[in-house]
Amino acid sequence: MSITNFPGSANSSPLDSSITKVTIPALAEMKRQGKPISALTAYDYATSRLVDEAGIDLVLVGDSLAMVVMGHDNTLAVTVDEMLHHTRAVRRAVRRALVVADMPFGSYHGTVAEGVANAVRFIKEAGAEAVKIEGPRVALVRALTDAEIPVIGHLGLTPQSVHRMGGYRVQAKTTDSIQQIKADAKALEEAGVGVLVLEGVPREVAAEITAALTIPMIGIGAGPDCDGQILVFHDMVNLSFAPKAKFARRYADAAGLFRAAIEHYREDVEHRAFPSDEESYHLSSAVRKELEAERGETEPVKRLRKA
């Protein structure tokens, strides 16, 4: 048995024996025990460290970073290299939670071999512990499972299909579409998906799928009957600068907090209230005397005024 060292700071040390690392089997056991699973997105070292230290079970490096971090209109523009960059930052901070990387649009929409090759990069180069793909891609899930890569599925409102869906719309509202999503979920489970995200589907549909499958269901806009819930970090703390979705409860107003701090800082600079003399560095008395002697001054160097 080996002890893995999790880098991330100057005082990094091997994983504390008191910390139980969250894994795909651990999430399955949580479902069996009826213990709700908490999940959040995170995209950088600072926020993912806070998320992990708060005890969140699953951290998703979501392709939603295209919108909330990079300012795009949808998730389609973000690249594999950009996702790898953010996944590395998150992985350096997380010690307990399962780190999952979203595979971006175009990274698995070609051949199965191309999808596997890109997934390998997230595991090998970025340290992800699972990848997430959208849609009922059964053949790809089987190939990823054969390659020892844990897979998170995603059905319902799949943001990478925004153009096909004609916008971000609730899915599985008709009898036929309900039967289809149920069949897709079962097929993904049989293919090897370890966890399934259900987004933007009626509560009743999500509850039925959750009860029918043995793998954990993580809901987002799918009601409270799933095995767990996930939100976008920036939606949760009001940093997305977008209208609030019906399901996205805001737990804090980080935008207000940051805005007030920034405005206060600007005012202090404009009024020369920052930095103060106490926040400034000073020469030692010995060096000041040497400078006075070099200048041939008889009077001591005038003390700088205090701000």
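Our subject is the structure that appears above.
These remarks concern the structure in this document. (Residues numbered from 1 in each chain as written. Predicted model: local features only at pLDDT ≥ 70, side-chain atom pairs only at ≥ 80, totals over all residues. Heavy atoms only, no water.)

1. A look at the overall build of the protein chain
On a plain count of helices and strands, the protein chain comes out with 12 helices and 8 strands. In terms of overall size, the protein chain is more extended than a compact globule, its C-alpha atoms giving a radius of gyration of 25 Å where 307 residues would be expected to give roughly 19 Å. For the protein chain, the residues scored as buried account for 44% of the 307 residues in total. Sequence separation of 24 or more characterises 57% of the internal contacts of the protein chain that already satisfy a separation of 6 or more. Accessible area for the protein chain stands at about 17000 Å²; split by element, carbon and sulfur atoms hold 55% of it. (Helix = DSSP H or I, 4+ residues; strand = E, 2+ residues; numbered from the N terminus. Rg over C-alpha atoms; globule rule 2.2 N^0.38 Å. Buried < 20%, exposed > 50% of the residue type's maximum accessible area, 1.4 Å probe, protein only. Contact = heavy atoms within 4.5 Å. Areas by Shrake-Rupley, 256 points an atom, 1.4 Å probe, with all protein chains shown as cover.)

2. Section: the pairing of strand β2 (residues 58-61)
What you see with β2 is no split at all: L58 and L60 on one side and V59 and V61 on the other are buried throughout. One ladder, built from 3 bridges, connects strand β1 (residues 37-41) with β2; its direction is parallel. Residue pairing for β2: L40 is matched across the bridge by V59. Between the parallel elements β1 and β2, the chain passes through helix α2 (residues 45-53) in a crossover that is right-handed. Inspection of the sheet shows β2 paired to strand β3 (residues 98-102) by 4 bridges, in the parallel sense. Looking across to β3, one finds that V59 is bridged to V99. (Pairing = 2+ DSSP bridges. Right-handed = clockwise from strand over helix to strand, strands pointing away.)

3. Digging into the sheet that holds strand β6 (residues 195-199)
Pairing is parallel around the closed barrel formed by 8 strands, whose spatial order is β1-β2-β3-β4-β5-β6-β7-β8. Averaged over all pairs of adjacent strands, the angle between strand axes in this sheet comes to 25°, irrespective of strand direction. (Axes fitted to C-alpha atoms, helices over the stretch in contact; angles between N-to-C directions.)

4. Here we look at empty space enclosed by the protein
Using a probe with the size of a water molecule, rolled over the atoms, empty space left in the structure can be pinpointed. Counting across every chain of the model gives 1 cavity of 30 Å³ or more. Looking at the largest cavity, its volume works out to about 40 Å³. If you go around the largest cavity, the residues you meet are A39, L58, L60, V100, K132, I152, V197, I218 and I230. Considering only residue class, the lining of the largest cavity consists of 8 nonpolar, no polar and 1 charged. (1 Å grid on protein atoms, 1.4 Å probe; cavity = no way out; pocket = protein on both sides within 12 Å on 5 of 7 lines; lining within 4 Å. Points joined across faces, edges and corners; volume = space filled by probe spheres on them. Nonpolar A, V, L, I, M, F, W, Y, C, P; charged D, E, K, R; others polar.)

5. Digging into the pattern of salt bridges
Counted according to the given criterion, the structure contains 15 salt bridges. Among the salt bridges present, the one from R88 reaches E125, with a minimum N-O distance of 3.7 Å. With a gap of 37 residues between them, R88 in helix α4 (residues 80-93) and E125 in the loop between α5 (112-124) and β4 (130-132) connect regions that are remote in the sequence. For R88, a relative accessible area of 29% gives the class partly exposed. (Salt bridge = Lys/Arg side-chain N within 4 Å of Asp/Glu carboxyl O.)

6. Observations regarding the nonpolar core
Residues F122, L144, L196, L198, I209 and M217 are the most contacted members of the largest nonpolar core, which totals 63 residues. If you look at the next biggest cluster of nonpolar residues, it comprises 17 residues, including L27, L58, V197 and I218. (Core = buried A, V, L, I, M, F, W, Y, C linked by side-chain atoms within 4.5 Å.)

7. Focus on a nonpolar patch on the surface
Together, L257, F258 and I262 make up an exposed nonpolar region whose accessible area comes to about 330 Å². Structurally, the position occupied by L257 is in helix α11 (residues 254-270). Judged by relative accessible area, which is 58%, L257 ranks as exposed. (Patch = residues over 30% accessible without salt bridge, like charges linked within 9 Å, V, L, I, M, F, W, Y side chains within 5 Å.)

8. Description of helix α1 (residues 24-33)
Regarding α1, the residues found buried are I24, L27, A28, M30 and K31. For α1, the buried positions fall inside an angular range of 155° around the axis, keeping them on one side. Turned more than 90 degrees off the buried face of α1, the exposed positions are P25, R32 and Q33. The elements touched by buried residues of α1 are β1, β2, β3, β5 (151-156), β6 and α9 (203-212). (Arc of directions from axis to C-beta.)

By themselves, these observations are geometric and do not establish any function.
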